[in-house]
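Structure at a glance
Take a look at the letters that make up each chain.
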Amino acid sequence: MADPNMKDFSKRVKRINKRHNKLANGYIASVNHDGLIVAKVRRSGPRFPWKGVALCFVAFFLFKGFLLVQLGETTFNDRVEKLQSGTVVEQAGAYAMSADPLTKWIAGQITSLLR
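Right, let's walk through the structure included here.

Calculation rules
Residues numbered from 1 in each chain as written. Predicted model: local features only at pLDDT ≥ 70, side-chain atom pairs only at ≥ 80, totals over all residues. Heavy atoms only, no water. Helix = DSSP H or I, 4+ residues; strand = E, 2+ residues; numbered from the N terminus. Expected span 1.5 Å × (residues − 1). Phe/Tyr/Trp six-rings, centres within 6.5 Å; stacked < 30°, edge-to-face > 60°. Buried < 20%, exposed > 50% of the residue type's maximum accessible area, 1.4 Å probe, protein only. Salt bridge = Lys/Arg side-chain N within 4 Å of Asp/Glu carboxyl O. Pairing = 2+ DSSP bridges. Axes fitted to C-alpha atoms, helices over the stretch in contact; angles between N-to-C directions. Contact = heavy atoms within 4.5 Å. Nonpolar A, V, L, I, M, F, W, Y, C, P; charged D, E, K, R; others polar. Core = buried A, V, L, I, M, F, W, Y, C linked by side-chain atoms within 4.5 Å.

1. A look at helix α1 (residues 4-24)
Helix length check: α1 (21 residues) gives 30 Å between terminal C-alpha atoms against 30 Å at 1.5 Å per residue, within 8%. Phi turns positive, to about 135°, at Gly26, one or two residues after α1.

2. What to know about the packing of aromatic side chains
Any pair of aromatic rings gets described here by the distance separating the centres and the angle formed by the planes. Per the stated rule, a full pass over the model turns up two aromatic pairs. With centroids separated by 5.8 Å and ring planes inclined at 70°, the aromatic side chains of Phe60 and Phe61 adopt a geometry described as edge-to-face. The exposure class of Phe61 is partly exposed, given its relative accessible area of 21%.

3. A look at the pattern of salt bridges
As enumerated under the stated definition, the model contains two salt bridges in all. Here Asp100 makes a salt bridge to Lys64, at a shortest N to O gap of 2.6 Å. Of this pair, Asp100 sits in the loop between α4 (88-97) and α5 (101-114) while Lys64 is found in helix α2 (residues 50-71), placing the two residues 36 residues apart along the sequence. Residue classification places Lys64 among the buried residues on the basis of a relative accessible area of 1%.

4. Remarks on the pairing of strand β1 (residues 27-31)
In terms of strand pairing, β1 meets strand β2 (residues 37-41) through five bridges, oriented antiparallel. Along β2, the bridge assignment pairs Tyr27 with Val41.

5. Some points on the packing of α2 against helix α3 (residues 73-84)
Interaxial distance between α2 and α3 falls to 6 Å at its minimum, and their mutual angle equals 115°. Of the residues in α3, those in contact with Lys64, Leu67, Leu68 and Leu71 of α2 are Glu73, Thr75, Phe76 and Arg79. Partitioned by chemical class, the residues of the contact of α2 with α3 number four nonpolar, one polar and three charged.

6. Focus on the environment of Glu73
Tracing the sequence through the fold places Glu73 in helix α3. Residue Glu73 is classed as partly exposed on the basis of its relative accessible area of 42%. Taking the C-alpha atoms as reference points, Glu73 and Ala99, 26 residues apart in sequence, are found 8.5 Å from one another. In this structure Glu73 touches Leu68 and Lys104, once residues within four positions along its chain are discounted.

7. Side note on the nonpolar core
Leu68, Phe76, Val80, Ala94, Met97 and Ala107 together form the largest nonpolar core, which totals six residues. If you list the elements that add at least two residues to this core, you get α3 and α4. Sequence-distant contacts of Leu68, defined by excluding residues within four places in its chain, comprise Glu73, Phe76, Thr103, Lys104 and Ala107.

Here you go:
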C-alpha cells in the first residue's frame, strides 16, 4: 500500500523541478509589497520590436516634414502627383508621401525652429 504523503511529496518535487527548469532559462528578481524577493520567469521567444517600429514611423514623418520644408509645398505636391500617375509601387509611394496634417504640422515646427 502506497503512502499518501509520499504521493503528495512526489507532486511537490515535480512542481519544484518544473519551476527550477523554467528559472534556469532566465529570471527577474522582484520585491513584493511585503519585502519578499520573488524570482519570476523571464519571457522567452521572439518578441515584436514595437519601439523600433514606432521609431521608424517617427523618422518617416520627420523626413516628410523636412522634405516639405526643403522643397516647398507646391513642388512637393507636384512630385507626389507625378508618382500617382506611375506604377502600382509608385502609387503606393505617392499615398505614403502625401502631405497629411501631421506632416504639415511637423513642417511648420521645423520652419519655426529654423527662423
